[in-house]
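Chain and residue survey
Given next are the chains, with one letter for each unit.
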Amino acid sequence: QVQLVESGGGVVQPGGSLTLSCAAAGSIFRIDAMGWYRQAPGKQRELVATIISGGRYNYADAVKGRFTISRDSAKNTVYLQMNRLKPEDTAVYYCNARLFTVATMSRGDYWGQGTQVTVSS
């Protein structure tokens, strides 16, 4: 059993900052990648940023230069530092982990429950 627990969402004014965190817990053998996706009302879920073991990063064009993803491998935790937030960043943010479990030794995608980020004056 694997769980991803997110925290850090909230309401912030345009230009402000927020930091999201996501901790993966359970019978994890290896994590290959962790990342963040978001879904705004009426829109499809989209990639925000991912970090792949080995140090490869991937950012959506809309957040490049404003958001920074980082990972603490020892804690199985991924962070998303969001600066210069805009109203269009308003969405539910979901944590994702691509990992192997001890039980199955097969790789799968796991998702957090989502955390709301609202950027509004």
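Overview of the structure. (Residues numbered from 1 in each chain as written. Predicted model: local features only at pLDDT ≥ 70, side-chain atom pairs only at ≥ 80, totals over all residues. Heavy atoms only, no water.)

Concerning the state of the cysteines
What we call a disulfide is simply a covalent bond connecting the sulfur atoms of a pair of cysteines. Convention followed: Disulfides are defined as pairs of cysteine sulfur atoms found within 2.5 Å of each other. A run of H or I in DSSP becomes a helix once it reaches four residues, and a run of E becomes a strand once it reaches two; helices and strands are each numbered from the N terminus. Exposure categories follow from relative accessible area, calculated using a 1.4 Å probe and restricted to protein chains: below 20% of the type maximum is buried, above 50% is exposed, and the middle band is partly exposed.
A full pass over the atoms with the stated rule returns one disulfide. Between the sulfur of Cys22 and that of Cys95 lies a disulfide, 2.1 Å long from S to S. One quick way to see it: the torsion about the S-S bond of Cys22 and Cys95 is about -80°, and its sign makes the bridge left-handed. Of this pair, Cys22 sits in strand E3 (residues 18-26) while Cys95 sits in strand E9 (residues 91-101), and the two are 73 residues apart along the sequence. For the pair shown, Cys22 and Cys95 are each scored as buried.

Considerations on the packing of aromatic side chains
Both the distance between ring centres and the angle between the ring planes are used here to describe each pair of aromatic rings. Which entries qualify depends on this criterion: We call Phe, Tyr and Trp rings a pair once their centres come within 6.5 Å, taking the six-membered ring for Trp, and we label the pair stacked below 30 degrees between planes, edge-to-face above 60, and tilted otherwise. In our convention, an over-ring charge means Lys NZ or Arg CZ found within 6 Å of a ring centre and within 35 degrees of that ring's normal.
Taken as a whole, this structure holds one aromatic pair when the rule is applied. Between Tyr37 and Trp111 the ring centres are 5.1 Å apart and the planes differ by 65°, which places this aromatic pair in the edge-to-face class. Residue Tyr37 is found in strand E4 (residues 28-39), and its partner Trp111 is found in strand E10 (residues 107-111); the two are separated by 74 residues along the sequence. Just above the ring of Tyr94 sits the side chain of Arg45; from NZ or CZ to the centre is 3.7 Å. The ring of Trp111 has Arg45 lying over it, and the distance from NZ or CZ to the ring centre is 4.7 Å.

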